[in-house]
Amino acid sequence: MRVSVFGATGSIGESTFDLLARRDDIETVALTGGRNVERLAAQARTLRAQIVVTAHDACYAALKDALAGSGIEVAAGTQALIDAAERRADWVMSAIVGAAGLAPGFRALAQGATLALANKESLVTAGPLLMREAARHGARILPVDSEHSAVFQALVGEDAAAVERVIITASGGPFRDWTLAQLARATLAQAQTHPNWAMGQRITIDSATLFNKALEVIETREYFGFEPAQIEVVVHPQSIIHALVGFRDGALMAHLGPPDMRHAIGYALNWPDRADLPVARLDLAQLAELTFEAPDPVRFPALRLAREVMEMRGHAGAAFNAAKEVALDEFIAGRLRFLDMAQLVERTIDQLSTDSCLTDPVEALETVEAMDQMARECARAIASRVA
Ligand code: NDP
């Protein structure tokens, strides 16, 4: 099987690498990364990749040096990422973080590849476009987000029309029990420490604000086509149940597993088969209890914002994600406080809602990218007034 991994040096990328390195039937086409060129080069040597690409021109020389004598092609920059996505592969992992992951995944679909989609931002910003592109080229998108993989697995052999509701779980993040006053003082170090999952910095902070879950609610709608009212979120601090599907006869099918992304990645890699995976097996007696609570919309407004965005449709998802990415950058840079992130996203959407482009149907990558830029500029302008 020919595979490519976009975002190979990240948390999902490393888990994917771990699974690929255990197999002897893999032909690696492209591996891409950002600044971590040493790691990218080491992965490329192990998997004997045809080409490696760093997203940053400034990292090209270091990557070239690290791969000297290997015979592996080296390239850099945004266009090089797209070119790598156009190389024929059977299975492509989309694990770049943020809206930057959209274009390479889109191009991979146009080649007919199976796209293992970790980059949730692709569906949030351009869901209808991505699904259409897959259908047009006979390509398949397989969800890698653990909640969506869980829903996907619970639906195997079921009639989608028999589904009444879908419940995706949220750990609640590190601030699940914090008061508003405590949240107002939450630091970057506290926000980037997840209680259960080891993930990249950005998604970890998005889990603390519940923006990650907000993106996932939109992702659920775009991928499976459920109505917003059918999609529920429940806080489940142990992160053992990833999602549940409720059927019209009242049955709930739950998917359980340890918090290890190699399960969802491995499922997508082996689909439609199941194969042995190096993940821990659950000991239910030792776990002893699984608990659930409703998310608090006052302390964590991200879920309410996601529902408003789903009502607007069109390019509202792209604006929402872009504003959220700017808010995150500002928080990481120490220019915005924790609670200000949701406020910045809400104010950006409010400001853009006077522009009809926000609700225009998503028909081309270019209009999605234009909305992304417009929302970033708007959010940055608002943030500069807040700081
Ligand atoms: P990381 O931050 O750990 O890794 C991101 C990857 O993308 C790295 O390879 C990084 O390169 C590369 N990258 C960063 N910026 C750019 C850019 N502008 N252009 C091209 N490449 C870039 O992220 P995660 O692995 O945590 O997450 C990846 C995606 O998967 C996200 O969309 C996330 O929401 C989703 N996801 C993650 C889960 C997890 O458990 N981590 C679970 C479910 C979904 P480098 O590091 O070399 O700079």
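Everything discussed here concerns the structure shown above.
Residues numbered from 1 in each chain as written. Predicted model: local features only at pLDDT ≥ 70, side-chain atom pairs only at ≥ 80, totals over all residues. Heavy atoms only, no water.

A. Looking closely at the sheet that holds strand β9 (residues 231-235). Strand order in the open sheet formed by 4 strands is β9-β8-β10-β11, with mixed pairing between adjacent strands. Two strands bound the open sheet, and with one partner strand each, they are β9 and β11 (252-256). Taken over all neighbouring pairs, the strand axes of this sheet differ in orientation by 20° on average, direction set aside. Direction of pairing for strand β8 (residues 163-170) relative to strand β10 (residues 241-247): antiparallel, over a ladder of 5 bridges. Note that in β10 the partner of Ile168 across the bridge is Ala243. (Pairing = 2+ DSSP bridges. Helix = DSSP H or I, 4+ residues; strand = E, 2+ residues; numbered from the N terminus. Axes fitted to C-alpha atoms, helices over the stretch in contact; angles between N-to-C directions.)

B. Main features of the site of the ligand. Neighbouring the ligand are 25 residues; Thr9, Gly34, Arg35, Glu121 and Asp145 lie closest to it. Here an oxygen atom of the ligand and a side-chain polar atom of Glu121 are 2.7 Å apart. A distance of 3.0 Å separates an oxygen atom of the ligand from a polar backbone atom of Gly200. Taking 900 Å² as the accessible area of the ligand by itself, protein coverage stands at 84%. When residues of the shell around the ligand are traced back to their parent elements, those giving at least two are α1 (11-21) and α6 (120-136). Considering only residue class, the shell around the ligand consists of 12 nonpolar, 9 polar and 4 charged. (Near = heavy atom within 4 Å. Polar contact = N/O pair within 3.5 Å; in protein donor to acceptor, adjacent residues only side chain to side chain. Areas by Shrake-Rupley, 256 points an atom, 1.4 Å probe, with all protein chains shown as cover. Nonpolar A, V, L, I, M, F, W, Y, C, P; charged D, E, K, R; others polar.)

C. Inspection of the packing of α1 against helix α2 (residues 37-47) at higher detail. Two elements in contact, α1 and α2, have axes whose closest approach is 11 Å; the angle formed by their N-to-C orientations is 20°. Put simply, α1 runs roughly parallel to α2. The chirality of how α1 crosses α2 is left-handed. Judged by residue contacts, Glu14, Phe17, Leu20 and Ala21 of α1 engage Arg39, Gln43, Thr46 and Leu47 from α2. Considered class by class, the residues forming the contact of α1 with α2 number 4 nonpolar, 2 polar and 2 charged. (Parallel < 35°, antiparallel > 145°, perpendicular 65-115°, else oblique. Left-handed = near helix turned anticlockwise from the far one by under 90°. Contact = heavy atoms within 4.5 Å.)

D. α6, seen in detail. Taking 1.5 Å of rise per residue, 17 residues should cover 24 Å, yet α6 covers just 21 Å from first to last C-alpha, more than 12% shy of that figure. The sharpest bend along α6 reaches about 105° and sits at Ala126, with the proline Pro128 one to four residues further on. A positive phi of about 60° marks Gly138, the residue just after α6. (Expected span 1.5 Å × (residues − 1). Bend = angle between axes of the 7 residues up to and from the residue.)

E. Main features of unusual backbone geometry. A cis amide bond links Trp271 to the next residue, Pro272, at an omega of 5°. Looking at where Pro272 falls in the secondary structure, it is placed in the loop between α12 (262-270) and α13 (284-287). With a phi angle near 75°, Leu210 is a residue other than glycine that sits in the positive phi range. With a phi angle near 60°, Arg313 is a residue other than glycine that sits in the positive phi range. Structurally, the position occupied by Arg313 is in the loop between α14 (302-312) and α15 (316-332).

The analysis is restricted to geometry; functional conclusions fall outside its scope.
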